[in-house]
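Secondary and tertiary structure notes
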Amino acid sequence: MTEEQPKRVFAPDFLTELFRNPLDPGYADAAARKAVEGDPTGPRKWVFSSAAMITLVALGFLFVVAYRQTVADEPARTKARAELVEQVQNRRDETVELQAKADQLGDEVAGLRERELGGATAARLRDLEAATGLAPVKGSGAKIRLADGPTPINAVTGERNTTARVKDTDLQLATNALWSLGAEAITINGQRLTATSTIRQAGEAILVDFQPVTTPYEVIAIGPDDLADDFRDGYAGQFFKELVRQYGMSFEATGVRDVTLPAATELKLRVASPSPSPSPSTSSPSISGSVSSSPSEGGR
């Protein structure tokens, strides 16, 4: 007679045991004990109730203390903010007064110069100031308008796509193209360019002679009557049209008449040398420079 082999018994794995008995044994024992004994009574109930009451009183006391401290600090913060606002406003008023005084003194200096130099010399000096950007100028020319395209945010990384934003190299390209087409004076959002002007990127901001400018960017140039058409059909205009097609940026080139460009801030030169004498055929001085930049092919 063959002896019967004992059956092998396997212990259940962790997942099987978890689904079979989802409730921890300790919780099951506590529930069974509560069903038999009922809610705590007598001293036990008093201890639990007292502990809960003490906890609530302590939390309430902490909230009251925090609220009183916040209310007590608010007048000091309000006073400090009011003082800062007042200081800023006073500085602005002082700046306006100083600027008005500087303009008045400038007019006095111009009057004395006219009287001392005489007509021809003073006119020549005015022409040189206009050419170098130290005097306002009026005339006709072109207005180039550039604006940022859409800048979507990546849903996964949270980073913003700035490919469609106008770069400093884009403005450099536009101004250098205008100079090459015969522009005599240029401003970017009201900032007059000179032979020493710089256009630089600082983070997400663009600085023109250390003054921030924002989109939309308006580059206004005084020059030949066909300056806008030449710019639109030239290499810079074709480049910006391609940016519009690829990235959705905004670009316009239109003619303007009788616009006045303000003077630039005072130039601070370290080294200067006299320029060659103009040829007799030159009727009026003009300035043609290029903005300091690396080889500019736009911002892409």
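Residues numbered from 1 in each chain as written. Predicted model: local features only at pLDDT ≥ 70, side-chain atom pairs only at ≥ 80, totals over all residues. Heavy atoms only, no water.

**Thoughts on the sheet that holds strand E6 (residues 211-213)**
Test applied: Strand pairing follows a simple DSSP-based rule, namely that at least 2 bridges must link the two strands. Counting from the N terminus, the helices are the DSSP runs of H or I reaching at least four residues and the strands are the DSSP runs of E reaching at least two. Lines fitted to C-alpha atoms define the axes here, with helix axes fitted over just the stretch in contact, and angles between the N-to-C directions of these axes take values from 0 to 180 degrees. Note on contacts: a residue pair qualifies if any of its non-hydrogen atoms lie within 4.5 Å across the two residues.
Taken together, the three strands give an open sheet; going across it, the order is E4-E5-E6, and neighbouring strands pair in antiparallel fashion. This sheet does not close on itself; its edge strands, each paired only once, are strand E4 (199-202) and E6. In this sheet, neighbouring strand axes are inclined to one another by 40° on average, regardless of whether the strands run parallel or antiparallel. When E4 meets strand E5 (residues 205-208), the two strands line up antiparallel, connected through four bridges. Residue pairing for E5: Gln201 is matched across the bridge by Ile206. Across the sheet, helix H5 (residues 168-180) is in contact with E4 and E5; its angle to E4 comes to roughly 170°.

**Side note on unusual backbone geometry**
Quick note on the threshold: Here's how the labels work: a residue is buried when its accessible area is under 20% of the maximum for its type, exposed when over 50%, partly exposed in between, all with a 1.4 Å probe on protein chains only.
With an omega dihedral of -5°, the bond running from Thr215 to Pro216 counts as a cis peptide bond. Its place among the elements puts Pro216 in the loop between E6 and strand E7 (217-222). The phi angle at Asn189 is positive, at roughly 50°, despite the residue not being glycine. As for its position among the elements, Asn189 is in the loop between strand E2 (185-188) and strand E3 (191-192). Given a relative accessible area of 30%, Asn189 falls into the partly exposed group.

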